[in-house]
Every structure is written in structure tokens, then in C-alpha cells.
Amino acid sequence: MVENKEEFESIRQMHTVLSLHYLEEMKQSEIAVRLNLSTSKVNRLIAQGKRMGMVKIVIESPYQPLVDLENGLVASTNLANAIVTPAVAGNPHTNLQQVGRAAANHLLETIRDGDVIAITGGKAVSAMVQNLNPDQSFDVKVVPLTGGVQGKYYTDVNHLATQLAERLGGTAMLLHAPLFAETREQRDMLMEMGSIKEVLDLARNATVAVVGIGSIRTPGSSYFDLHPGPNPGRQLLLDGGVTGEFLAHLILGDGSVADYPLNSRIVALNPSELAKCPVTIGVASGEEKVEPICAALAGHLFNSLIADEQTATAVLENIREERHVA
């Protein structure tokens, strides 16, 4: 209750000003004319009302379930940010494109002039590049995080880096090396070559990284498109605890790199080297990506996730189930 008439009149006037401003969306100058007050007093009344807790703003999205899912992912993991896109059941291509558009928009909101953007190959990263339509140019450098595999649009990371740089108005530095060397010794030699080392050093110090997250569970998984020779036995990998692929490295359920011979021949950054990148955005879509995403989250391999609703829901359910069991 108010103490006196003067206080009541002051609060009433404040309430009137706040109602006109926030509910009727009147400008402060219009309120001043309506109530015969100075614009400065209207400004003071609004500020005072906010300090007193008279203004409570509730913002709801028509896609509130997706917002709730994003908040749940952030609360349950070490993610700084999560973006969940609507999903169309039985239409993986549409879902992938939705994720690509969301990733493209998030990248445009994130980057600044002078940034170094490091990327992997992959279908989701390719979808992001194809859906990128900036309103302005950015003075950025784009570099690959891995060597490349030619033959498919989404495995040729140099091609994706060039496209991304062109769309942003920046420049690309390419990694002229295969993804897999023939031996570990050859891989070590390649990693120390001046032109390759220069690009990888830039990638190590990237300000933004965009990474795909690979599955090995299904025969059509992108990981099996990367190999120059016979594919490793899928069941053998699964029996050995491998859950997915990150920067072309086979990873275990805790996000660590598996002790698998092919991992020692990869011309790429080690997943752990992304730890100091301020913004590492993981992009993925599809049921087969749930287990790899959970593994990468367990290893803190990225701090932002963009996925479709079905994938994100399954990821959150898995995380909560594992915590319940533990």
C-alpha cells in the first residue's frame, strides 16, 4: 500500500506512462504530448518504473518447444549455444537444408572482420555454405581443418573453403594435401611442409570453426567416403568402442581419439587442438548422428550445436538417460 496521496499519484502516473509505452507502443515524445509532460520526465518515469520492478517482459516464440529444447541442451551440457530447427519426419534432405540455413545465419551473426574461419568437409557444412546469403562482405580468411578427398562435393574441403570465402567476400587458403597419407611417417612429413604447416597453424588459431560430425553406424555414412582404399570393417569399429568421426578421426564414446591405425595417418588437426577456438560450431542432422554428437559433447569438442528437432531431442534424451543411470 502507498503511504500517501502524493506517492499514489506518482505511481499511478508511472503506471500510465509504462502502459502507453509498452502496451500501446507509443513513443516517449508522443506520451509527453498526451500527458502534457516533458520528454525527459517521461524517460525518467520509465526508467524508475523498470527499477521498481513494474515492468515484466515475457517473450514467447511460436516455436517454443524448440526454444525449450535449446535451453535443455545448454543446461545439460557445456554448450554455450544451441540452435534447433524444425524437422519433417521422413525427409532427411529437408532437415539437412534447415540445419544448413540455421548454420549459415548463425555464422553471419558470429563472424567479424579479421576473423579466421576454419572448416571441415561434410554434408552439413556443405549445406551451410550453399545456404549462405550475406548482406555484406567480410574481411575474413577461410582455411580447411583437414586434408581433402576429391570426388564428392562435400568431401573436397578445399572446394568448400573456396566457396565459403567467395560468398563472404573473404579469401581462402587451401590445404594441398590428401586427408590420409600412406604411412604415419609420410603424414608427419606432410604436416611439417611449409605450405601445409602455414594453413594448419592458421586453423589452430581460428576464431570460428564450423565442423561436421560423422557417423560410422550406417553403410552410407560419410566417413566411408573418405577412404582411398578398402573401408575398415564397420562392425569391427563398433565392437572396438568407436562411436563416430570428428575431424576425420575415429572417436570413442567419451570424445577421445580411438587407438586405431588409420587415425595416425590423418593430415588434419587433432580434435583436441580445437579446444582454444572461441567458437566451434558443430552442425549435424539425422538419427545416425545422435551417438557421435553425444560423444563429441562428452569430449567438449565444440561449444555450439546446430541440429534438427528429431536429432536434438534424441541427443538430450540420451544425455539425461546416461546421467540417470550414473
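Preceding block: the structure.
What comes next concerns the included structure. Note that the structure is predicted; figures quoted are calculated from it, not measured. (Residues numbered from 1 in each chain as written. Predicted model: local features only at pLDDT ≥ 70, side-chain atom pairs only at ≥ 80, totals over all residues. Heavy atoms only, no water.)

### Details of the packing of helix α2 (residues 28–35) against helix α3 (residues 39–51)
The N-to-C vectors of α2 and α3 enclose an angle of 110°; their axes lie 8 Å apart at closest approach. Put simply, α2 runs roughly perpendicular to α3. Residues Q28, S29, I31 and A32 of α2 form the contact with α3, whose own contacting residues are T39, V42, N43 and I46. When the residues that make up the contact of α2 with α3 are grouped by side-chain class, the tally is 4 nonpolar, 4 polar and no charged. (Axes fitted to C-alpha atoms, helices over the stretch in contact; angles between N-to-C directions. Helix = DSSP H or I, 4+ residues; strand = E, 2+ residues; numbered from the N terminus. Parallel < 35°, antiparallel > 145°, perpendicular 65-115°, else oblique. Contact = heavy atoms within 4.5 Å. Nonpolar A, V, L, I, M, F, W, Y, C, P; charged D, E, K, R; others polar.)

### Here's the deal with the layout of surface pockets
There is about 250 Å³ of room inside the second largest pocket. C294, L297, A298, I319 and E322 are, among the 14 residues lining the second largest pocket, the residues nearest its centre. Elements that contribute at least two residues to the lining of the second largest pocket include exactly α11 (290–298) and α12 (309–325). At 5 residues, α11 tops the list of elements feeding residues into the lining of the second largest pocket. (1 Å grid on protein atoms, 1.4 Å probe; cavity = no way out; pocket = protein on both sides within 12 Å on 5 of 7 lines; lining within 4 Å. Points joined across faces, edges and corners; volume = space filled by probe spheres on them.)

### What about the pairing of strand β9 (residues 304–308)?
Burial analysis of β9 places 5 of its 5 residues in the buried class, the great majority of the element. Burial along β9 is two-sided: the face carrying S304, I306 and D308 and the face carrying L305 and A307 are both buried. Pairing analysis gives 5 bridges linking strand β1 (residues 81–85) to β9, with the strands arranged parallel. Each bridged residue has a counterpart across the sheet, and for I83 the counterpart in β9 is I306. Of the strand pairs in this sheet, strand β8 (residues 279–284) and β9 are connected by 4 bridges, and their pairing is parallel. When the sheet's bridge partners are listed, I281 is paired in β9 with S304. Tracing the backbone out of β8, into α11 and back to the parallel element β9 gives a crossover that is right-handed. (Buried < 20%, exposed > 50% of the residue type's maximum accessible area, 1.4 Å probe, protein only. Pairing = 2+ DSSP bridges. Right-handed = clockwise from strand over helix to strand, strands pointing away.)

### Some words on helix α7 (residues 157–168)
Here α7 spans 16 Å end to end across 12 residues, near enough to the 16 Å set by a 1.5 Å rise per residue. For α7, the complete set of buried residues consists of V157, N158, L160, A161, Q163, L164, A165 and L168. In this structure, the buried side of α7 is in contact with α5 (92–110), β2 (116–119), α6 (123–130), β3 (141–144) and β4 (171–172). Immediately downstream of α7, the backbone of G169 shows phi near 85°, a positive value. (Expected span 1.5 Å × (residues − 1).)

### Things to note about the nonpolar core
Soluble globular proteins tend to pack their nonpolar side chains together in the buried interior. If you look at the biggest cluster of nonpolar residues, it comprises 45 residues, and the most contacted ones within it are L73, L145, F246, L274, I293, F302 and V315. Ranked by residues supplied to this core, first place goes to α11 with 6 residues. Those residues in contact with L145 that sit more than four places away from it in its chain are A118, I119, T120, L200, A203, A209, V211, L247, A268, L269 and L274. Of all hydrophobic cores here, the second largest spans 30 residues; its members include L96, A102, V208 and V279. (Core = buried A, V, L, I, M, F, W, Y, C linked by side-chain atoms within 4.5 Å.)

### What about the pairing of β8?
Where burial is concerned, most of β8 is hidden: 6 out of the 6 residues are buried. Along β8, one buried face is formed by V279, I281 and V283 and the opposite face, lined by T280, G282 and A284, is buried too. In this sheet, β8 lies alongside strand β5 (residues 208–212) in parallel orientation, the contact comprising 5 bridges. Looking at the pairing, A209 lines up with T280 of β8.

### Quick look at the sheet that holds β2
The strand order across the open sheet formed by 7 strands is β1-β9-β8-β5-β2-β3-β4, and the pairing between neighbours is parallel. Two strands in the sheet have a free side with no partner beyond their single neighbour: β1 and β4. Packed onto the sheet, helix α9 (residues 194–204) meets β2 and β3 and runs at close to 110° relative to β3.

### Brief notes about the side chain of S304
Inspection of the secondary structure puts S304 in strand β9. With residues up to four places along the chain from it excluded, the contact list for S304 reads L79, N81, H106, T280, I281 and G282.

### Here we look at the pattern of salt bridges
It is possible for side chains bearing opposite charge to pair when their charged atoms get close. Considering all chains together, one arrives at 4 salt bridges under this definition. Note that R187 and D188 form a salt bridge whose closest N and O atoms lie 3.1 Å from each other. Residue R204 pairs with E273 through a salt bridge whose shortest N-O separation is 2.6 Å. One end of the pair, R204, is in helix α9; the other, E273, is in the loop between β7 (249–252) and β8, and 69 residues separate them in sequence. Residue classification places R204 among the partly exposed positions, given a relative accessible area of 21%. Salt bridges sharing partners connect three or more residues here, namely K197, D201, R204 and E273. (Salt bridge = Lys/Arg side-chain N within 4 Å of Asp/Glu carboxyl O.)

### So, a nonpolar patch on the surface
A surface patch of nonpolar side chains, about 490 Å² in accessible area, is lined by Y22, L23, I57 and I59. Mapped onto the secondary structure, L23 falls in helix α1 (residues 5–23). With a relative accessible area of 69%, L23 lands in the exposed category. (Patch = residues over 30% accessible without salt bridge, like charges linked within 9 Å, V, L, I, M, F, W, Y side chains within 5 Å. Areas by Shrake-Rupley, 256 points an atom, 1.4 Å probe, with all protein chains shown as cover.)

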